[in-house]
Amino acid sequence: MQSKIPDIIQTVPLLNYVLLASILFIIGVVGVLIRRNAIIIFMSIELMLNAVNLLLIAFSSYRADASGQVFVFFIMAVAAAEVAVGLAIIVMIYRNIRSIDVGLLDKLKW
Amino acid sequence: MYPILVLSITGIITLFLGFLKSKKVLLPATLFFVTLAFFANLYDWNKPGLYFNNMLQVNNFTILLSAVILLSAFLIIALTKGFIDDEHAQPAEYFAILQFSLVGAIMMTGFQNLIMLFIGVEILSVSMYVLTGSDKRNLRGNEAALKYFLMGSFATGIMLFGIAMLYGANYSFNIDAARTVVTQMVSTQHSSVYLYVGVTFLLIGLLFKVSAAPFHFWTPDVYEGAPTIFTTFMSTIVKTAGFAAIYRILEVSFSPIYSFWWVMVIIMTVLSLIISNVTAVSQGSFKRMLAFSSVSHAGYMLMAVVGLSNKSDDSIVFYSLAYSLATISAFGVLMAVSKEKLVDGRPDESIAVLNGLSKRNPFLAFILAISMLSLAGIPLTAGFWGKFYVFSDAAFRGHIWLLVVAILMSAVGIYYYFKPIIAAYMRESEGEAISLTPFYKIILGITTFGSILLGLFPDLLRSLM
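Worth saying up front: this structure is predicted, and the values here are computed from it rather than measured.

Scoring rules and cut-offs
- Residues numbered from 1 in each chain as written.
- Chains lettered and ligands numbered in written order.
- Predicted model: local features only at pLDDT ≥ 70, side-chain atom pairs only at ≥ 80, totals over all residues.
- Heavy atoms only, no water.
- Helix = DSSP H or I, 4+ residues; strand = E, 2+ residues; numbered from the N terminus.
- Rg over C-alpha atoms; globule rule 2.2 N^0.38 Å.
- Areas by Shrake-Rupley, 256 points an atom, 1.4 Å probe, with all protein chains shown as cover.
- Lys, Arg positive; Asp, Glu negative; His and termini not counted.
- Charge placed at Lys NZ, Arg CZ, Asp CG, Glu CD.
- Contact = heavy atoms within 4.5 Å.
- Buried area = accessible area lost by both parts, 1.4 Å probe.
- Salt bridge = Lys/Arg side-chain N within 4 Å of Asp/Glu carboxyl O.
- Polar contact = N/O pair within 3.5 Å; in protein donor to acceptor, adjacent residues only side chain to side chain.
- Nonpolar A, V, L, I, M, F, W, Y, C, P; charged D, E, K, R; others polar.
- Buried < 20%, exposed > 50% of the residue type's maximum accessible area, 1.4 Å probe, protein only.
- Core = buried A, V, L, I, M, F, W, Y, C linked by side-chain atoms within 4.5 Å.
- Phe/Tyr/Trp six-rings, centres within 6.5 Å; stacked < 30°, edge-to-face > 60°.
- Lys NZ or Arg CZ within 6 Å of the ring centre and 35° of its normal.
- pLDDT = per-residue confidence, 0-100.
- UniProt positions renumbered as here; feature names shortened; annotations may be inferred.
- Axes fitted to C-alpha atoms, helices over the stretch in contact; angles between N-to-C directions.
- Parallel < 35°, antiparallel > 145°, perpendicular 65-115°, else oblique.

> Sorry, what's going on with the overall build of chain A here?
Counting secondary structure elements, chain A contains four helices and zero strands. Element order for chain A, N to C, with α for helix and β for strand: α-α-α-α. Relative to the globule expectation of 13 Å for 110 residues, the C-alpha radius of gyration of chain A, 18 Å, shows a markedly less compact shape. Based on the C-alpha atoms only, the size of chain A along its principal axes is roughly 60 × 25 × 25 Å. When the accessible surface of chain A is summed, it comes to about 6,300 Å², and 67% of that surface belongs to carbon and sulfur atoms. Separation between the mean location of the 8 positive side-chain charges and that of the 6 negative ones in chain A comes to 9 Å.

> How should the interface of chain B and chain A be read in this particular structure?
Frequently, the measure chosen for interface size is the accessible area that the parts lose on association. In this complex, chain B contributes 44 residues to the contact, which on the side of chain A involves 43 residues. Overall, the association of chain B and chain A removes approximately 4,000 Å² of surface from exposure, summing both partners, and the carbon and sulfur fraction of that is 81%. Inspection of the region where chain B meets chain A yields zero salt bridges. At the junction of chain B with chain A, the criterion picks out three residue pairs in polar contact (both at pLDDT 80 or more). Listed by contribution, the elements that provide at least two residues to the side of chain B that touches chain A are α5 (114-132), α6 (139-170), α8 (193-209) and α9 (219-225) of chain B. If one sorts the elements of the side of chain B that touches chain A by residue count, α6(B) sits on top with 22 residues. When its residues are assigned to classes, the side of chain B that touches chain A shows 25 nonpolar, ten polar and nine charged.

> Looking at this structure, how should I read the side chain of B:Ser253?
All names here are of chain B. For Ser 253, the position within the fold is in the loop between α10 (228-252) and α11 (258-281). Given a relative accessible area of 1%, Ser 253 falls into the buried group. A distance of 3.0 Å separates the side chain of Ser 253 from the backbone oxygen of Ile 175, its partner in a polar contact. Every residue in contact with Ser 253, bar those within four places of it in the chain, is listed here: Ile 175, Ala 178, Arg 179, Val 182 and Arg 248.

> Looking at this model, I keep getting lost on the nonpolar core. Mind explaining?
Soluble globular proteins tend to bury their nonpolar side chains together. Residues and elements named next belong to chain B. One finds Phe 254, Trp 261, Leu 357 and Met 372 to be the most contacted residues of the largest nonpolar core, which totals 213 residues. The biggest single contributor to this core is α6, with 18 residues. Among residues more than four places away in sequence, those in contact with Met 372 are Phe 286, Met 289, Leu 290, Ala 330, Tyr 417, Pro 420 and Ile 421.

> Just checking my understanding: could you explain the packing of aromatic side chains for this structure?
Both the distance between ring centres and the angle between the ring planes are used here to describe each pair of aromatic rings. Inspection of every chain in the model, using the stated rule, returns 34 aromatic pairs over all chains. Between A:Phe25 and B:Phe201, the aromatic rings sit 6.1 Å apart at their centres with planes inclined by 65°, giving edge-to-face as the arrangement. On the criterion of chain membership, the pair formed by A:Phe25 in helix α2 (residues 14-34) and B:Phe201 in helix α8 is interchain, its members lying in two chains. Consider the rings of B:Phe318 and B:Tyr389, whose centres lie 5.2 Å apart with planes at 85°: the pair is edge-to-face. Taken as a pair, B:Phe318 in helix α13 (residues 312-338) and B:Tyr389 in helix α16 (residues 382-396) lie far apart in primary sequence, 71 residues in all. For the pair shown, B:Phe318 and B:Tyr389 are each scored as buried. Through successive ring pairs, a cluster of aromatic residues spans A:Phe59, A:Phe71, B:Phe118, B:Tyr167, B:Tyr171, B:Phe173 and B:Tyr194. One Lys or Arg, B:Arg248, reaches over the ring of B:Phe111 and ends 5.7 Å from the middle of that ring. Note that B:Arg397 overlies the ring of B:Tyr258, its terminal NZ or CZ placed 4.0 Å from the centroid.

> Help me understand the pattern of salt bridges in this model?
Side chains that differ in sign of charge can pair as their charged atoms come close. All names here are of chain B. Tallied over the full model, the rule gives seven salt bridges over all chains. The residue Glu 143 makes a salt bridge to Lys 147 at a minimum N-O spacing of 3.0 Å. Here Lys 147 and Glu 143 lie together in helix α6, a separation of four residues that amounts to about one turn. Each of the salt bridges in this network shares a partner with another, and the network as a whole consists of Arg 140, Glu 143, Lys 147, Asp 221, Glu 224 and Arg 288.

> Is there a simple way to explain the confidence of the model for chain B in this structure?
In low-pLDDT segments, the atomic positions of the prediction should not be examined closely. For chain B, per-residue confidence averages 89 on the pLDDT scale, and 97% of positions sit at 70 or higher. Per-element confidence in chain B is highest for α5(B), whose mean pLDDT is 94, and lowest for strand β3 (residues 342-343) of chain B, whose mean pLDDT is 68.

> Looking at this structure, I do not really get the UniProt feature "transmembrane region" (unreviewed entry) in chain A. What am I missing?
Residues and elements named next belong to chain A. With numbering aligned to this structure, UniProt lists the feature "transmembrane region" (unreviewed entry) at residues 14-34, 39-59 and 71-94. The straight-line gap between the two end C-alpha atoms of residues 14-34 is 31 Å; of that span, 100% is helix and 0% is strand. Taken end to end, residues 39-59 has its terminal C-alpha atoms 31 Å apart, with 100% of it in helix and 0% in strand.

> Is there a simple way to think about the packing of helix α2 (residues 26-42) of chain B against helix α3 (residues 60-78) of chain B in this case?
Two packed helices can be described by the angle between their axes and the distance between those axes. Residue and element names in this part refer to chain B. It is at 9 Å that the axes of α2 and α3 come closest, and there the two elements cross at 170°. Overall, the two elements α2 and α3 adopt an arrangement that is roughly antiparallel. Between α2, through Leu 27, Thr 30, Leu 31, Val 34, Thr 35, Ala 37, Phe 38, Asn 41 and Leu 42, and α3, the contact on the second element is made entirely by Ile 63, Ser 66, Ala 67, Leu 70, Leu 71, Ala 73, Phe 74, Ile 77 and Ala 78. The class makeup of the residues in the contact of α2 with α3 is 14 nonpolar, four polar and no charged.

> Explain the environment of B:Gly242 here, please?
Residues and elements named next belong to chain B. Tracing the backbone through its elements, the reader meets Gly 242 in helix α10. Judged by its relative accessible area of 3%, Gly 242 falls in the buried class. Expressed as a C-alpha distance, the spacing of Gly 242 and Ile 274, which sit 32 residues apart in the sequence, is 21 Å.

> What is the right way to look at unusual backbone geometry in this model?
Residues other than glycine predominantly adopt negative phi, and peptide bonds predominantly adopt the trans conformation. Following B:Ala213, the chain continues to B:Pro214 via a peptide bond in cis, the omega torsion being 0°. By the element assignment, B:Pro214 lies in the loop between α8 and α9. Residue A:Arg98 is not a glycine yet carries a positive backbone phi of 55°. Secondary-structure assignment places A:Arg98 in the segment after α4 (67-97). When its relative accessible area of 58% is taken as the criterion, A:Arg98 is described as exposed.

Structure, rendered in structure tokens:
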């Protein structure tokens, strides 16, 4: 028998989705705080954004409310723009110091 | 609503103007476009309404905030001298990005939907990442751009997590609908953990953007490394828009759960005031000192948010205007003075560069003195009334301890704001006289006149609201 997608999603409790998204988000936060390679930090930020996407979709499906999924599209589009600018900045730095280790960037200290 | 349309279109027109041989037309054209947006903004005065499918609200408060943003933008763009030196090979792009970033800032003043808040924050932030790194070969500029970018996207991630959690509690992104749900939760005593997690993360994300302590650690580095003109933009327009957003979301959606968030906001206010003022005392760089000063002013503006009285919106408008005018004059003086002397190929931005300014250029020394007095909150300047209004907001809720801390910290502030004035008037001069273009003088004259005028007649602005 064909069942609707929200029904299938609802066979898993909502709390499980929230916990999964929170764990992914925390992995992202920890990655930003402890890694030193600019690209890895950047990937961790993307992981945070995707955790948010998962959370929004879970809530959205549970209430069969489309606005959450619309927001996910906005996040994906804006994240793409952010990636374009962010990678440009990282390339600019690589050209100047031949490295993307954020620990080497210490010109601005008092 | 109209300035968003105007600036989106004129931004694209500016990009096309970049094809012209003569780059001299760009500065007057951009000034004209921003003026156009300013008057388009006033067109909606006393005509409140919701636009774009209930995405954006326009009322007199948002119009005034947008007017402060556009006025500051006009003054800052007028100080740019058109980016026609060698460092800036593509002036049209800078002017276009500045106009696009204003669209984001105006969205943040009047969002009715959290999607709009997110888009506004991102338009403003992504534009600022580009502008911070616009000095491509300068290592310190690169470092500032990377730090700003990583910290800014991190803050966006945190803010989005908050928004997602709020969606889990409210099942709507509309901030009026959020208020209905929150009020219901309070009245039925049925609270949702998603709501509290959401409010906390959303607040942290937004406070990152306005650089309130303890989320200010990126501010001094970014402000110092970025080209001064964009530092000015960051410290005035981003801050005004950020506080507009914080105040709006807390006032419209979450005033029923004031008892939940006020402790958090008060802790951040006190931290902002103490950390920034104490650290600013020991700074040798004028630009870095102004960065810490901007953190402390974030603290003062948070006092209006903590107060949340019926006058808080007026206080935020007045404070952001007073602060923007003073900051633009201070950075304007710094730009004029620092380009005279280079250290390691960069303009010298220490406080010592101001030594003997009263002999080299009395006009600039006077502008500097007034702006510092206004930032310190000395009577007869706009800064005094700004502080007075936010203090009375905090007193409205009876936060006396907060007031004591704030007044003590203003006293500390007076000490370091007087250091540049002492350098300008008491120290011996080394350099030659500084000459300015008449246009530059007029713009600095306007900012200073504004500071004094609002200091003498604060009701000029207050009576509008």
